Amino acid sequence: MKLKKTVLAAAALALAVGPTAVSAQLADDITLVSWGGAYQKSQHRAYVEPYIADNPEVTAVWDESSYEAVAKLRAMNEAGNVTWDLVDVVASDAIRLCDEGLAMEIDHDELLAPAPDGSSASEDFGDLIVSDCFIPQIVYSTTFGYRTDMVGSTPPTDVCAVFDTATYPGKRSLEKRPINNMEWALICDGVPKADVYDVLETDEGQARAFAKLDTIKDDVIWWSAGADTPQLLADGEVVIGSTYNGRLFSVIEEQDQPVGMLWDAQVFDLDGWIIPVGLPADRLARAKDFVRFATDTQRLADQAKYISYGPARMSSAPLVGQHADLGIDMAPHMPTDPENAKNTFLYNYEWWADYRDDLDAKFQAWLAQ
Amino acid sequence: MSGLPPYASFTQKLWHYAFRVICGIVFFFLIAPIIVIIPLSFNAQDFFTFTPEMLALDPDGYSLKHYNDFFTNPDWQQAMWNSIRIAPMATLLSVSFGTLAAIGLSQPHVPFRRAIMAILISPMIVPLIISAAGMYFFYSRIGLQGSYWGVVLAHAALGIPFVIITVTATLVGFDRSLTRAAASLGANPVTTFAKVQMPLILPGVISGGLFAFITSFDEVVVVLFVGSAGQKTLPWQMFTGLREQISPTILAVATILVTVSVVLLATIEILRRRSERLRGMSPG
Amino acid sequence: MTAIDSPVLTADGTPLKASLRRALRREKARAFLLVSPLLLFVLLTFIAPIADMLFRSVENGIVHDTIPRTVQALRNWDPEQGGSPGDDVFEAFYTDMVFAVERKSHTRLGSRLNYERTGLASLFRKSGRRVGKFDTTDYADAFTTLDQAWEDPRTWDALAVSEGASLPRTASVHATWREVVRTDGGDPLEEEPWDVLYAALYADLMQAPAGGFDNPLLNDARTAAAGLEPVSLREQFGAIDEDWLDPQVWRTIRTYAGRYTPGYFLNSVDLKLTADGVQYRDEGDRIYILLFGRTLYMSLVITISCILLGYPVAFLLANLPLRTANILMILVLLPFWTSLLVRTSSWKVLLQQQGVINDILVALRIVDDASRLILINNQTGTIIAMTHILLPFMILPLYSVMKTIPPSYVRAAKSLGATDWTAFWRVYFPNSVPGIGAGSVLVFILAIGYYITPELVGGTRGVFISNRIAYHISSSLNWGLAAALGTILLFAVLILYWTYDRIVGIDNVKLGG
């Protein structure tokens, strides 16, 4: 009789905990891959700390390899030895990983928690689910920061200041890749925003973008890590430079540097999780359990307490509060804030997924010459 | 060179001093970059340059906060412990295999000696980026990429040439009649090795080991490719620090590492002298 | 005279010669035994990876593995006749693409072929999205309307066995289909047949004479097929992108269909293999010769700087009393022993525009605050930092050679009336040349393979070929090209090393004095 009771109790418990708990044994270790720096810290505080508080048996290890996630996942996949459980990547990398069969396709509604009002995860994330493998986390934007003490009395108001070496002499920093730079070059060369990708699809359009970039090539310091531009700005090595809006937030608000920020022509982008293909059942179960927790409405809203990126769920937006340490309202610092999003540029994932290889090769050749 | 003869002409004198000034400048060039980071690591500000307070020797301009950061920041601590876990194991492997092989190589008749030597020395000759690329591809295939043992094996391979070179160098001066004498007096080969050969080549083994240790401890290219976050070493953390989040903590770490190098350098110098004395190659 | 005829015997009665030979053999075996663990270790942990890299630089299995039918069909295509390939190629390509998309390997193939012809990556991706929605679905509709049995995967399974000979395409496509469904975790006996199967069936049926089958199901299908509007796969692909009708695209695929390719090596020297033979790449894509040239140029400048700075110092050290020389030697050895990262970080600190050197220059009014020198993120930065890092490698061999030049030579020259300069230039300098040679080769070898320092202080123009290799490994994922560039660099270094061995001998490599 006793046995039966225990079984019943266990079954009841399993039902109460939900569908993920019954599936398989959960691994006690989880390896999370992210970008390091303030961003990773915000994830740690918003997701990992509360998760471990609920599941004390779990140890989480961070790997700061998101920069080369595609290369490393390919190597791991080739070796049949995948050591990562959840990988934080930008949407374009997620698309690529999904295309190559390195990331797992998921059913968003089944895996992810519904919104508090009961609407399904896919409704809550909406258009931001840009790939079957991608679990959106934040909306960020790539935009420009400038030294307020180096621009004289005419601080820049639009993005084309980058190309204006007469008014704003000095070095500028741009990311060492074609994405965004090509678009800005065309916009500042007079191409209407709506036509940018049509123009960029042609050889002439690409030549036009490179010609525009040529005008400032000698003045550019190319960055490959998000922290470069903030550092270069803080050191006064550049007068203006592109970076992620969250990095500029921390330079301006947390470190109090003489830096200003341009929201003009900011390019929205997405960042989120993917689950690698080929995980053993117990680790997969743990990864799923964690990601369900880490992308629920409250957790995504919590992350905005530590970094100025917009939560990917619509239901999280009203919950965004104040910065955990500085106590300032975070909403006006979100790239999605209506005040900031007056003139945004939409990044075309599908287009870049198609043309990335072509333009990367051309861009790298152009850089070396 | 040591002094000017009293009859030296004006041009000779001029040249003599000019030459010394030139050499002084080169020495300055060699040493200044290493010295300059030491005071900067005590900067109270988060800058990479001398603040006015520092130049005025104001005590408020200096602080230990970057050292404090190094010893409390989990990233740096983890990197330090990884280095401490990887380097000795790699050293142990290269020293044990290397010493054995060096003894083999110093025998009078070794088949294919030149070819073997070339293979064993090759990890030192091949540019690190190529070793790293090859190991990355190959270790991926066999599942060693991103594992502790992958990094240890890679570092051991890189350290081997140093052990081979230093140990064979001590064996060059080794008088083989000593082992023969020991054998003729009834010592078995193991005893001969332990009691006669080993004490004489020990300085070479230790300095080879130090070289292997510093190779692994300083290495960044191979670990960047072969390792994963779990194997992030101190140089790796410095490299990402320099490339991504430049913080003056790097200068504190650099100062600590300079201190470590000075200690190691002194050890090697003492061992070298001792070895030469033991082998009667230098007076004193 | 027995003493001459009979061999000398040892105490145990064997001939001395044999005994000595045996002893020698034993000694050789023992030496080899001592060396072999290490040899094996190095072969496994180091030589095998290098060999693997060499292999990757020519390996090209991806084309053949991803689109095997197309590769086969293209063999019979004669590009000289002009125009795009025949319908058989498009048919094969359609089949291959359907399976490649399911296996998710078509984008990687596109990336691979994009190295040889830009535009193919986007072409493959685009086509991958569309290839499942071709009009071949009309065939499926027609056959299933004709007979419900076609919807049952078991029908296909049975036909593939019994009619394999008369339906060769169907049987082959079905075999691949079964395998693909299985790898996906599906059951080929439950999975609804795909359009690509119906297309293969249609093609097979149209090849057969009417009523030529024993199986009534097939005969009915044959009759129905004759009445269907044929779907031109060529037009289907052409509708996705007219590039598919461009014979150049197919020539590229055909040229790179082999399992091994010289393509990556040609790419490393700005050439490409086209159907018309080896040609230069487009003006805008030629960067590797430039990068190799830049690597050699910067390494040379660094070597010369090291000679200019190292020679006086080595001369001073060699001519000072031992005690003083030993103390000054510490100034050379300390940088040698200091972590590379430490030295690079300090150069980063020193060379910045707001860095120590510029601050001093501004403070001394040598440079105006507004026009601070740009010493970092360019070639100047790389050259300064690397000269500093490699200088000890020049000084140490120079010093050890100069130590061996007897001071009496110069004294003799002077006593014979030579001026200081003549005595140095005609007597001392020629004797020190081997040191310069050894130091230069050493510095040069180390310089051309450097990665870390140029990466951190070199910007875009001050980087070496090794930075490019790293870029291709971790960012562009063009591993074949990385391997080919690495192989070329490796051989350059080996040649230099061989020269070094000739001049100095490997056994004479000294470490830290």
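Scoring rules and cut-offs
- Residues numbered from 1 in each chain as written.
- Chains lettered and ligands numbered in written order.
- Predicted model: local features only at pLDDT ≥ 70, side-chain atom pairs only at ≥ 80, totals over all residues.
- Heavy atoms only, no water.
- Patch = residues over 30% accessible without salt bridge, like charges linked within 9 Å, V, L, I, M, F, W, Y side chains within 5 Å.
- Areas by Shrake-Rupley, 256 points an atom, 1.4 Å probe, with all protein chains shown as cover.
- Salt bridge = Lys/Arg side-chain N within 4 Å of Asp/Glu carboxyl O.
- Lys, Arg positive; Asp, Glu negative; His and termini not counted.
- Charge placed at Lys NZ, Arg CZ, Asp CG, Glu CD.
- Helix = DSSP H or I, 4+ residues; strand = E, 2+ residues; numbered from the N terminus.
- Contact = heavy atoms within 4.5 Å.
- Polar contact = N/O pair within 3.5 Å; in protein donor to acceptor, adjacent residues only side chain to side chain.
- Nonpolar A, V, L, I, M, F, W, Y, C, P; charged D, E, K, R; others polar.
- Phe/Tyr/Trp six-rings, centres within 6.5 Å; stacked < 30°, edge-to-face > 60°.
- Lys NZ or Arg CZ within 6 Å of the ring centre and 35° of its normal.
- Disulfide = S-S within 2.5 Å.
- Buried < 20%, exposed > 50% of the residue type's maximum accessible area, 1.4 Å probe, protein only.
- Buried area = accessible area lost by both parts, 1.4 Å probe.
- Pairing = 2+ DSSP bridges.
- Axes fitted to C-alpha atoms, helices over the stretch in contact; angles between N-to-C directions.
- Parallel < 35°, antiparallel > 145°, perpendicular 65-115°, else oblique.
- Left-handed = near helix turned anticlockwise from the far one by under 90°.
- Domains from an automatic or database assignment.
- 1 Å grid on protein atoms, 1.4 Å probe; cavity = no way out; pocket = protein on both sides within 12 Å on 5 of 7 lines; lining within 4 Å.
- Points joined across faces, edges and corners; volume = space filled by probe spheres on them.

> Explain a positive patch on the surface to me, using residue names and the numbers behind them.
A grouping of Lys17(C), Arg21(C), Arg22(C), Arg25(C) and Arg26(C) is seen on the molecular surface, where their side chains present a positively charged patch. For Arg21(C), the location among the structural elements is in helix H2 (residues 16–56).

> Any chance you could break down the interface of chain C and chain B for me, citing the residues and the numbers?
On the chain B side, the residues contacting the 89 residues of chain C number 90 residues. Summed over the shared surface of chain C and chain B, the number is 1 salt bridge. Linking Asp52(C) and Arg141(B) is a salt bridge whose minimum nitrogen-to-oxygen distance equals 2.9 Å. Taken together, the connections running from chain C to chain B amount to 8 residue pairs in polar contact (both at pLDDT 80 or more). Sort the elements by how many residues they give to the side of chain C that touches chain B and H2(C) lands first, with 25 residues. Residues of the side of chain C that touches chain B, tallied by class, amount to 61 nonpolar, 16 polar and 12 charged.

> Which residues make up the packing of aromatic side chains, and what values do they have?
Scanning all chains against the criterion turns up 67 aromatic pairs over all chains. Grouped by ring-pair contacts, the aromatic residues Trp15(B), Phe19(B), Tyr311(C), Phe315(C), Trp421(C), Phe424(C), Trp425(C), Tyr428(C) and Phe429(C) constitute a single cluster. The lysine or arginine in question, Lys217(A), covers the ring of Trp366(A), its NZ or CZ lying 4.5 Å from the ring centre.

> Explain the state of the cysteines to me, using residue names and the numbers behind them.
Covalently bonding the sulfur atom of one cysteine to the sulfur atom of another cysteine gives a disulfide. Tallying each qualifying case throughout the model produces 2 disulfides over all chains. Shown here is the disulfide that connects Cys160(A) with Cys188(A), its sulfur atoms set 2.1 Å apart. Disulfide Cys160(A)-Cys188(A): torsion about the S-S bond near -95 degrees, hence left-handed. Here Cys160(A) is found in the loop between strand S4 (135–147) and strand S5 (172–175), whereas its partner Cys188(A) is found in helix H8 (residues 181–188), with 28 residues between them in sequence. For chain A, the disulfide bridges join cysteines in the arrangement 1-2, 3-4, where the cysteines are counted in sequence order. Of the cysteine sulfurs around Cys23(B), a residue in no disulfide, the closest is that of Cys306(C), at 15 Å. Overall, Cys23(B) belongs to the buried group, its relative accessible area being 1%. Of the residues examined, Cys306(C) reaches a relative accessible area of 0% and is grouped as buried.

> Could you give an account of the interface of chain C and chain A, with specific residues and numbers?
With 35 residues of chain C at the interface, the matching set in chain A holds 34 residues. For the pair chain C and chain A, the summed buried surface comes to about 3100 Å²; carbon and sulfur atoms form 43% of the total. Where chain C touches chain A, the interface holds 8 salt bridges. The salt bridge partner of Lys104(C) is Glu105(A), with a shortest N-O separation of 2.6 Å. Counting across the interface, chain C meets chain A through 16 residue pairs in polar contact (both at pLDDT 80 or more). Going through the elements one at a time, helix H6 (106–114), helix H7 (120–130), helix H16 (288–319) and helix H24 (465–474) of chain C are the ones with two or more residues in the side of chain C that touches chain A. No other element matches H7(C), which puts 5 residues into the side of chain C that touches chain A. Class assignment for the residues of the side of chain C that touches chain A results in 8 nonpolar, 15 polar and 12 charged.

> Help me get a handle on the pairing of strand S8 (residues 259–274) of chain A, residues and values and all.
Residues and elements named next belong to chain A. Where burial is concerned, most of S8 is hidden: 15 out of the 16 residues are buried. Relative to S8, strand S3 (residues 86–90) runs antiparallel, the two sharing 4 bridges. By the bridge assignment for S8, Val89 is matched with Gly272. Bridging between S4 and S8 involves 11 bridges; their strand directions are antiparallel. Each residue of the ladder has a partner; that of Tyr140, found in S8, is Asp269.

> Kindly report on the pairing of S4(A), identifying the contributing residues and their values.
Residues and elements named next belong to chain A. Taking burial as the measure, the 13 residues of S4 include 13 buried ones, the bulk of the element. Where S4 and strand S7 (residues 240–244) come together, 5 bridges link them in antiparallel fashion. From the neighbouring strand, Tyr146 faces S7, where its bridge partner is Ile240.

> How would you sum up the pattern of salt bridges? Please name residues and give values.
Going through the model one piece at a time under the given rule, you end up with 43 salt bridges over all chains. Residue Glu100(A) is joined to Arg108(C) by a salt bridge in which the shortest nitrogen-to-oxygen separation is 3.9 Å. Linking Glu100(A) in the loop between helix H5 (91–99) and helix H6 (108–111) with Arg108(C) in helix H6, this pair reaches from one chain into another. Given a relative accessible area of 7%, Glu100(A) falls into the buried group.

> Which residues make up the side chain of Glu237(A), and what are the values?
When you line up the elements, Glu237(A) lands in the loop between helix H11 (228–234) and S7. Polar contacts involving the side chain of Glu237(A) include one to the main-chain amide nitrogen of Gln353(C), which spans 2.8 Å. Those residues within four positions of Glu237(A) in sequence are excluded, and the remaining contacts are Lys171(A), Leu232(A), Gln352(C), Gln353(C) and Gln354(C).

> Lay out the packing of H24(C) against helix H25 (residues 479–503) of chain C in plain terms, naming residues and giving numbers.
Residue and element names in this part refer to chain C. Their axes nearest at 8 Å, the elements H24 and H25 cross at an angle of 155 degrees. On the basis of their axis angle, the class for H24 and H25 is roughly antiparallel. Handedness of the crossing formed by H24 with H25: left-handed. On H25, the residues that touch Ile465, Arg468, Ile469, His472 and Ile473 of H24 are Trp479, Leu481, Ala482, Leu485, Gly486 and Leu489. Tallied by class, the residues present in the contact of H24 with H25 amount to 8 nonpolar, 2 polar and 1 charged.

> Tell me what's going on with the domain arrangement of chain A, and back it up with residues and numbers.
All names here are of chain A. Taken domain by domain, chain A comprises domain 1 (14–139 + 271–332) and domain 2 (140–270 + 335–368). Computed from C-alpha coordinates alone, the two centres of domain 1 and domain 2 are separated by 28 Å. Counting from both sides, the interface comprises 25 residues of domain 1 and, opposite them, 23 residues of domain 2. A buried area of about 2000 Å², summed over both sides, lies between domain 1 and domain 2, and 57% of it is on carbon and sulfur atoms. Among the residues of domain 1 in contact with domain 2, Val139, Ser308 and Tyr309 are the three that bury the most area, contributing 25% of the side total. Across the domain 1-domain 2 interface, the total number found is 2 salt bridges. Its salt-bridge partner being Arg356, residue Asp93 comes within 3.1 Å of it at the nearest N-O pair. Linking domain 1 with domain 2 are 7 residue pairs in polar contact (both at pLDDT 80 or more), by the criterion used here. Elements supplying a minimum of two residues to the side of domain 1 that touches domain 2: S3, H5, S4 and S8. In terms of residue count, H5 provides more of the side of domain 1 that touches domain 2 than any other element does, 5 residues in total.

> Would you mind going over empty space enclosed by the protein in detail, with residue names and values included?
One pass over the full model with this rule turns up 6 cavities of 30 Å³ or more. Computed from the structure, the largest cavity encloses a volume of approximately 160 Å³. The wall of the largest cavity is formed by 13 residues, among which Arg96(A), Asp99(A), Ala353(A), Asp357(A) and Arg125(C) lie closest to the centre. For the lining of the largest cavity, the secondary-structure elements that each account for two or more residues are H5 and helix H15 (349–368) of chain A together with H6 and H7 of chain C. A per-class count over the lining of the largest cavity returns 3 nonpolar, 3 polar and 7 charged. Of the residues that make up the lining of the largest cavity, three or more belong to each of domain 1 (14–139 + 271–332) and domain 2 (140–270 + 335–368) of chain A. Estimated volume of the second largest cavity: approximately 130 Å³. Lining the second largest cavity are Trp35(A), Tyr39(A), Val90(A), Ile138(A), Tyr140(A), Tyr244(A), Arg247(A), Asp271(A) and Tyr309(A). For the lining of the second largest cavity, the class distribution of residues is 7 nonpolar, no polar and 2 charged.

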